[in-house]
Amino acid sequence: MSHFRPVPLEFATRLINHGPTIMVTSRSKDGEKKNIMTAAWSTLVEFDPPRLVVVINKDSYTRELLEESGVFAVCVPAAHFIDTVYGVGSTTGKVEDKFSSFGIETVASPELDIPVIEKGCVAWLECRLLPEPGPQDRYDTCFGEVISAAADERVFKDGLWDFNKDNINLHTIHHLGGGTFVMSGDMISAK
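The written sequence of each chain sets the order in which its residues are numbered from 1. Thresholds applied to this predicted model are a pLDDT of at least 70 for local features of residues and 80 or more for the giving and counting of side-chain atom pairs; totals over whole chains, interfaces and linings are not thresholded and use all residues. Water and hydrogen atoms play no part in the side-chain values, which are based on all heavy atoms of the structure.

In this section: the overall build of the chain. In this description a helix means any DSSP run of H or I spanning at least four residues, a strand means any run of E spanning at least two, and both kinds are numbered starting from the N terminus. In terms of helices and strands, the chain carries 5 helices and 14 strands. The C-alpha radius of gyration of the chain comes to 15 Å, within 12% of the 16 Å expected for a compact globule of 191 residues. If one aligns the C-alpha atoms of the chain with their principal axes, the spans along those axes are about 45 × 35 × 35 Å. The classification of residues rests on relative accessible area computed with a 1.4 Å probe and restricted to protein chains. Under 20% of the type maximum is buried, over 50% is exposed, and intermediate values are partly exposed. The burial tally for the chain puts 48% of its 191 residues in the buried class. Long-range pairs, those at least 24 residues apart, make up 65% of the contacts in the chain between residues at least 6 apart in sequence. Per element, the accessible surface of the chain, about 9,700 Å² overall, is 51% carbon and sulfur. In this tally, Asp and Glu contribute negative charge and Lys and Arg positive charge; neither His nor the terminal groups of the chain are included. Each charge is placed at NZ for Lys, CZ for Arg, CG for Asp and CD for Glu. The centroid of the 18 positive side-chain charges in the chain is displaced by 2 Å from the centroid of its 27 negative side-chain charges. The globule rule used here is 2.2 Å times the number of residues to the 0.38 power, and the radius of gyration it is set against is calculated over C-alpha atoms. Contacts are assigned to residue pairs with any non-hydrogen atoms lying within 4.5 Å of each other. Using the Shrake-Rupley algorithm and a 1.4 Å probe, accessible areas are obtained, with residue cover drawn only from the displayed protein chains.

A few words now on the environment of Val122. Topologically, Val122 is positioned in strand 9 (residues 121–130). Along the sequence, Val122 and Ala151 sit 29 residues apart, while their C-alpha atoms lie 5.5 Å from each other. Ignoring any residue separated from it by four or fewer positions in sequence, one finds Val122 in contact with Phe4, Val76, Pro77, Ala78, Ala151, Asp152, Val155, Trp161, Leu170 and Thr172.

Two strands make a pair as long as DSSP finds a minimum of two bridges between them. Of the pairings in the sheet, the one linking strand 2 (residues 22–27) to strand 3 (residues 34–39) comprises 6 bridges and is antiparallel in character. Note on strand 3: the bridge partner recorded for Arg27 is Lys34. Between strand 2 and strand 3, which pair antiparallel and follow one another directly, the connecting turn spans 6 residues, one of which, Gly31, has a positive phi of 80 degrees.

Every buried residue belonging to helix 3 (residues 82–89) is among Thr84, Val85, Gly87 and Val88, and all of these are buried. Looking at the packing, one finds that the buried side of helix 3 touches strand 2, strand 3, strand 6 (71–77), helix 4 (98–101), strand 13 (173–177) and strand 14 (180–183).

A few words now on the environment of His175. Looking at where His175 falls in the secondary structure, it is placed in strand 13. Accessibility expressed as a relative area gives 33% for His175, which makes it partly exposed. The sequence separation of His175 and Lys157 amounts to 18 residues, and the corresponding C-alpha distance is 25 Å. Setting aside residues up to four positions removed in sequence, His175 forms contacts with Thr21, Ala40, Thr180 and Phe181. A polar contact of 3.4 Å, which involves the side chain of His175, links it to the backbone nitrogen of Gly179. The definition of a polar contact used here is a pair of N or O atoms within 3.5 Å, where within protein one atom must be able to donate a hydrogen and the other to accept one, and adjacent residues in sequence count solely through side-chain atom pairs.

Next up on the list: a negative patch on the surface. Patch rule: a residue counts if its relative accessible area is over 30% and it has no salt bridge; like charges are joined within 9 Å, and nonpolar side chains (Val, Leu, Ile, Met, Phe, Trp, Tyr) within 5 Å. Salt bridge, as applied in this entry: a Lys or Arg side-chain nitrogen positioned within 4 Å of an Asp or Glu carboxyl oxygen. Side chains of Asp30, Glu32, Glu64 and Glu68 sit close together on the surface and give a patch of like negative charge. For Glu68, the position within the fold is in helix 2 (residues 61–69).

What follows is about the nonpolar core. Nonpolar core, defined: a set of buried Ala, Val, Leu, Ile, Met, Phe, Trp, Tyr and Cys residues in which side-chain atoms within 4.5 Å join the residues together. Core analysis: the biggest nonpolar cluster contains 31 residues, and Leu15, Leu52, Val54, Phe72 and Leu125 have the highest contact counts within it. Elements represented by at least two residues in this core include exactly strand 2, strand 3, strand 5 (51–55), strand 6, strand 9 and strand 10 (141–152). Among the elements that make up this core, the one with the highest residue count is strand 9 (5 residues). Not counting residues within four places of it along the chain, the set of residues in contact with Phe72 comprises Val24, Thr25, Leu52, Val54, Leu66, Ile114, Leu125, Glu126, Cys127, Leu129, Phe143 and Gly144.

Shown next as structure tokens:
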């Protein structure tokens, strides 16, 4: 049973506004080929409609597929998925099918039919590529408009993250370099 529930677009930006490591999935235009990569550089650029940017090297297989199809997804991995996250980020999809090699299960996103990960991740956002030839070519920045999003209700509810000691394996991770990560920490609230 999936614990994922749709996230209203007004809250979709909260899924990555804290800077987690992400996994980007892509597919060919005909849907026959797919790939996944790990990325540490992403950020929000607009709230309404929700838009984001991810740095994806122009030589990567993910970039090739997303430019062909015009779609991609951002999946937010959980702490218990760390070995897979690191392994996926250390290999290329041009050589092997990383979904098969790492045993990654996917479901099709509801609007754009992109492979998204629920088992091992705590959120996903399906995006339509917003072609920006200048920044895309010069700086490898790929802009996307979020079309729909979903998150694991055990850790994201009512539009907010709920990281606590009871769901520590579902905390997001943040890459520090060289295979070292930190997890989202204790939450505190402002008065």
